[in-house]
Amino acid sequence: MTTQPKSLTILPDDLDRERLPRHVAVIMDGNGRWAKNRHLPRIMGHQRGVDSLKDLLRCCKDWGIQALTAYAFSTENWGRPVPEVEFLMTLFERVLRRELAEMVAEGVQIHFVGDLACLPASLQEEINRAMAATAHNQKIQFVVATNYGGRREIIQACRSLAQRVQTGELQPEDIDERQFEHHLYTVGLPDLDLLIRTSGEMRVSNFLLWQVAYAEIYVTDTLWPDFDRNAFHEALRNFQHRQRRFGRL
Ligand code: IPE
Ligand code: IPE
Ligand code: MG
């Protein structure tokens, strides 16, 4: 990881602390292209991408952002070649094991969302250990979307609502947006304010489909392994120039 200039460990003074996004999500795209540009195997891009995520998390914590959600693996990413998928699963496990003590010490509350039951058992164990060890931390909520799909999240919310209706706990007419949100993985997090996608692709790729409703979307051509504090600073500056109207005038 590149060492950040001292000036970037505190909130840059051209940003308004009162108007920071409370919840930022990031589609960490472009690892493969970063590696290809350097004639390296794709997995080297994933490896470098971990450093970017680690620094973004620390930056969000330093600058006072309450929640960061990172898209690590989509329900569609199983379609990649087996060695790449296996590398990613091992990488997630290794990084979790290596970083847990630091996250505990720094007050990070880590949470994994997605269809976790399909992940390798040893990764599930690390996930459970990390979530339990950081459950009472309060500095920042860090959500890692792993085997995550926005459509799947909505379907599972529908299923659990349907079950509650079936048992008579809930009437169909009780189901409103608030009830629905209670059954999403993001329950308890602030509303999503800013969605960042690196490497230029103008699509959502099945990420946070419900939550993105009124988020501001920022797409940068920077590839994920090159996304540093300066790039995040630029994203926040751009965000603070947006006029959020929420359908009003
Ligand atoms: C994103 O980088 C990381 C994951 C999807 C796990 P990519 O691997 O999609 O990189 P590109 O898009 O091929 O450059
Ligand atoms: C989105 O990136 C998923 C993650 C970053 C984990 P992809 O590279 O999988 O998305 P597409 O295939 O370009 O839509
Ligand atoms: Mg990609």
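The rules we used
Residues numbered from 1 in each chain as written. Chains lettered and ligands numbered in written order. Predicted model: local features only at pLDDT ≥ 70, side-chain atom pairs only at ≥ 80, totals over all residues. Heavy atoms only, no water. UniProt positions renumbered as here; feature names shortened; annotations may be inferred. Phe/Tyr/Trp six-rings, centres within 6.5 Å; stacked < 30°, edge-to-face > 60°. Helix = DSSP H or I, 4+ residues; strand = E, 2+ residues; numbered from the N terminus. Buried < 20%, exposed > 50% of the residue type's maximum accessible area, 1.4 Å probe, protein only. Polar contact = N/O pair within 3.5 Å; in protein donor to acceptor, adjacent residues only side chain to side chain. Pairing = 2+ DSSP bridges. Contact = heavy atoms within 4.5 Å. Near = heavy atom within 4 Å. 1 Å grid on protein atoms, 1.4 Å probe; cavity = no way out; pocket = protein on both sides within 12 Å on 5 of 7 lines; lining within 4 Å. Sits in = over half its atoms within 2 Å of the grid points. Nonpolar A, V, L, I, M, F, W, Y, C, P; charged D, E, K, R; others polar. Areas by Shrake-Rupley, 256 points an atom, 1.4 Å probe, with all protein chains shown as cover.

An unreviewed UniProt entry annotates the protein as Isoprenyl transferase of Pseudocalidococcus azoricus BACA0444. According to the UniProt record, the Subunit (unreviewed entry) comment for the protein reads "Homodimer." Heading Function (unreviewed entry) of the UniProt record for the protein holds this comment: "Catalyzes the condensation of isopentenyl diphosphate (IPP) with allylic pyrophosphates generating different type of terpenoids."

Bringing the packing of aromatic side chains into the picture now. If you walk through the whole model with that rule in mind, you get ten aromatic pairs. Ring centres of Y71 and Y148 lie 5.8 Å apart, and the angle between their planes is 85°; on these two criteria the pair is classed as edge-to-face. Here the residue Y71 occupies a position in strand β2 (residues 67-74), and Y148 occupies one in strand β4 (residues 140-148), the gap between them amounting to 77 residues. The two residues Y71 and Y148 agree in class, both being buried. Taking 4.1 Å as the distance between ring centres and 5° as the angle between the ring planes, the aromatic pair formed by Y71 and F207 counts as stacked. Of this pair, Y71 sits in strand β2 while F207 sits in the loop between β5 (194-197) and β6 (216-219), and the two are 136 residues apart along the sequence. F207 shares its class with Y71; the two are buried. By the ring-pair criterion, three or more aromatic residues cluster together here, those being Y71, Y148, Y185 and F207.

Turning next to the environment of E84. Structurally, E84 is set in helix α3 (residues 82-106). There is a polar contact of 2.8 Å between the side chain of E84 and the side chain of R42. Polar contacts involving the side chain of E84 include one to the side chain of H46, which spans 2.8 Å.

Moving on: the pairing of β5. The two faces of β5 match: L194 and I196 on one face and L195 and R197 on the other face are all buried. Sheet analysis places β5 next to β6, joined by four bridges and oriented parallel. Bridge pairing in β6 links I196 to Y218.

Here the focus is the side chain of S74. With respect to the element layout, S74 can be found in strand β2. Taking the relative accessible area as the measure of exposure, S74 reaches 6% and is therefore buried. Those residues in contact with S74 that sit more than four places away from it in its chain are N147 and Y148.

Below, the discussion takes up the site of ligand 1. Contacts to ligand 1 come from M28, D29, G30, N31, G32, R33, R42, H46, A72, N77, R80 and L88. Contacts to ligand 1 include G30, whose backbone N or O atom sits 3.4 Å from an oxygen atom. In this structure, ligand 1 is accommodated by the largest pocket. Put simply, the parts of the chain that give the shell around ligand 1 at least two residues each are α1 (31-37) and α2 (42-63). No other element matches α1, which puts three residues into the shell around ligand 1. Split into classes, the residues belonging to the shell around ligand 1 amount to three nonpolar, five polar and four charged.

Ligand 2 sits among I27, M28, D29, Y71, A72, F73, N77, R80, R197, R203 and S205. Here N77 contributes a side-chain N or O atom positioned 2.9 Å from an oxygen atom of ligand 2. In the model, an oxygen atom of ligand 2 is placed 2.6 Å from a nitrogen or oxygen of the S205 side chain. Burial of ligand 2 by the surrounding chains reaches 77%, relative to a free accessible area of 390 Å². Spatially, ligand 2 is embedded in the largest pocket.

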